[in-house]
Amino acid sequence: MRHVAAKTKRTIAIVLALLIVGAIALVAATAGLGSPSIPDGDVAVVDDVGSVSQEEFDRGMDQAAAQLGLREAPPSDDPQYPQILDQAMQELLLALWVEGEAADRGITVTDEEVAQELETIKEQSFESEQKFEQFKRESQFSDEDINRQVELTLLRDRLEAEIVPERPEVTDEEVEAYYESNLEAFSQPASRDVRVILNSSEAKVEQAKQELTADDSDAAWEAAAKKYSQDQASKDRGGLLEGLVEGQGDPELEAEAFAGAEGELVGPFETERGFYLLQVQEISEASTQPLAEAERGIRQQLSSARQQRIATDFQDDFVAKWTARTFCEPEVAIQLCDGFTPEEPEPVAGQPEQPEPPPVVSTQPIEPGTGTVTLDGSATQGLPQAPQVGAPEVPAGTVPVPPTGTVPPTGAAPPTGAAPPPTGAAPAP
């Protein structure tokens with residue numbers, strides 16, 4: 001699903017995406033819940049939420065394989081199988097986690113809200129109802145599947161609104177303390193705008209000085225710089241160097257620039273680069289932005305940082321809570337499953353044993369929704385994609401609804417596994 005900047009905050013999407021591996025491993029080692037039996041026909045269960053059926057798992061594997069350009073999921077001994085398994089299970093489980101979190105917080109959506117949201121999506125994303133129906137046929141996606149994705153979008157939006165405040169409070173004392181601790185960031189050093197003539201020949205610089213003494217207008221400087229100067233940075237700009245600051249360039253040039261009076265011709269004087277003629281055009285003294293002018297930006301920065309801290313705290317709780325409630329059959333288990341233990345690699349003949357096993361493929365959960373891809377191959381953002389129960393098989397390279405709100409060109413295969421864009425989403429460029 002697509003991230004919605006215009007309607008909701010980004011923070012919860014980041015929270016659900018950046019589930020830290022270390023936290024997951026800790027939960028797996030310390031979880032105290034006993035593993036319930038997984039019903040026949042299922043491969044995983046999230047306690048008090050729901051389960052992943054074998055049919056959903058198979059479909060998820062095919063969708064994950066399609067994102068790699070494969071027509072179907074490979075056998076378990078294929079080198080790409082662990083990556084596909086990890087991605088498919090993450091999307092399936094994270095969808096249940098979001099459902100469960102919403103239920104625990106009493107967040108629900110009605111059928112009427114889903115229908116209204118879908119109408120908004122169609123108005124914003126498709127030129128006509130016929131285009132929408134055409135896309136459904138090409139993607140082989142059912143009405144039930146689309147409504148499910150819209151429901152997840154609404155749940156995500158309401159979770160965002162509840163978990164992370166739109167504008168966390170920042171006190172005047174906090175703003176002032178930040179300003180005092182970061183004064184350098186609000187300070188501007190003294191600087192000079194100067195015109196220069198640089199040449200390895202002192203005689204030519206002296207000749208330029210004589211001409212500019214008679215006429216130092218902008219036009220005269222432009223002519224003299226083109227005629228005499230060897231400084232490639234300024235010769236085509238009338239010799240102008242803007243924002244010269246001490247300690248950042250030629251020390252002899254800076255010394256003369258900061259000692260000279262505005263409008264005075266200085267030189268020729270010698271540096272390592274050659275002989276200079278210089279005229280100070282503008283003097284800017286060192287300054288510090290007052291707190292009153294900086295306050296708004298500081299407050300916004302501190303508020304954003306507070307949002308991120310709130311999100312990070314939620315992240316830790318979210319991982320611990322739902323990993324402890326997630327139980328998987330051994331053959332499909334990933335690090336989102338309680339008690340998961342990575343398999344140690346078998347030793348390879350002729351190679352020394354490694355002191356620690358190499359990292360498991362995709363040890364960090366994918367960002368919810370990033371299992372899908374856009375037409376340009378980039379990842380999309382949003383909630384995990386729900387398994388499509390009972391939907392007809394979707395060929396590789398097709399998806400339910402475009403993740404960016406764009407209508408695919410006629411005859412083009414839509415991207416894989418995405419969901420409808422939420423309300424308020426701006427069309428992708």
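Residues numbered from 1 in each chain as written. Predicted model: local features only at pLDDT ≥ 70, side-chain atom pairs only at ≥ 80, totals over all residues. Heavy atoms only, no water.

**Details of the confidence of the model for the protein chain**
Averaged over every residue, the pLDDT of the protein chain is 75; the share at 70 or more is 70%. pLDDT under 50 marks residues 1-34. Its contacts with residues more than four places away, or in other chains, come to 102 contacts. (pLDDT = per-residue confidence, 0-100. Contact = heavy atoms within 4.5 Å.)

**A short note on the sheet that holds strand E9 (residues 326-328)**
Across the sheet, three strands lie side by side as E2-E1-E9; this open sheet has antiparallel pairing. Single-partner strands in this sheet number two, and they are strand E2 (50-53) and E9. Here the strands of the sheet are splayed against their neighbours by 15° on average, with no regard to which way each runs. Here strand E1 (residues 42-46) pairs with E9 via three bridges, running antiparallel. From the neighbouring strand, Ala44 faces E9, where its bridge partner is Cys328. (Pairing = 2+ DSSP bridges. Helix = DSSP H or I, 4+ residues; strand = E, 2+ residues; numbered from the N terminus. Axes fitted to C-alpha atoms, helices over the stretch in contact; angles between N-to-C directions.)

**Digging into the nonpolar core**
Counting 46 residues, the largest nonpolar core has Val52, Phe57, Met89, Leu93, Trp97 and Cys328 as the members making the most contacts within it. Taken together, the elements giving at least two residues each to this core come down to E1, helix H3 (54-67), helix H4 (81-104), helix H5 (111-125), helix H6 (129-139), helix H7 (143-163) and helix H12 (291-323). Looking at this core element by element, the count peaks at 12 residues for H4. Residues Leu241, Leu253, Phe258 and Leu278 belong to the second largest nonpolar core, which totals 13 residues. (Core = buried A, V, L, I, M, F, W, Y, C linked by side-chain atoms within 4.5 Å. Buried < 20%, exposed > 50% of the residue type's maximum accessible area, 1.4 Å probe, protein only.)

**Some thoughts on the sheet that holds strand E4 (residues 191-199)**
An order of E5-E4-E7-E6 is seen for the four strands of this open sheet, with the pairing classed as antiparallel. The strands lining the two open edges of the sheet, one partner per strand, are strand E5 (240-244) and strand E6 (265-271). The sheet shows a mean angle of 35° between the axes of neighbouring strands, direction not considered. Sheet analysis places E4 next to E5, joined by three bridges and oriented antiparallel.

**Regarding the packing of aromatic side chains**
Throughout the structure, instances matching the rule amount to five aromatic pairs. When the centroid spacing of 5.6 Å and the interplanar angle of 70° are considered together, the rings of Trp97 and Phe318 count as edge-to-face. Placement of the pair is Trp97 in helix H4 and Phe318 in helix H12, with a sequence separation of 221 residues. The pair Trp97 / Phe318 is uniform in exposure class, with both members buried. Here the aromatic cluster, defined as three or more aromatic residues joined through ring pairs, consists of Trp97, Phe314 and Phe318. In this arrangement the basic side chain of Arg325 is found over the ring face of Trp322, its NZ or CZ atom lying 4.9 Å from the centre. (Phe/Tyr/Trp six-rings, centres within 6.5 Å; stacked < 30°, edge-to-face > 60°. Lys NZ or Arg CZ within 6 Å of the ring centre and 35° of its normal.)

**Some points on the state of the cysteines**
Covalent bonding between the sulfur atoms of two cysteines defines a disulfide. For the structure on display, the rule yields one disulfide. Two residues share a disulfide in this structure: Cys328 and Cys337, whose sulfurs sit 2.0 Å from each other. With the S-S bond torsion at -80°, the cross-link from Cys328 to Cys337 turns out left-handed. Cys337 shares its class with Cys328; the two are buried. (Disulfide = S-S within 2.5 Å.)

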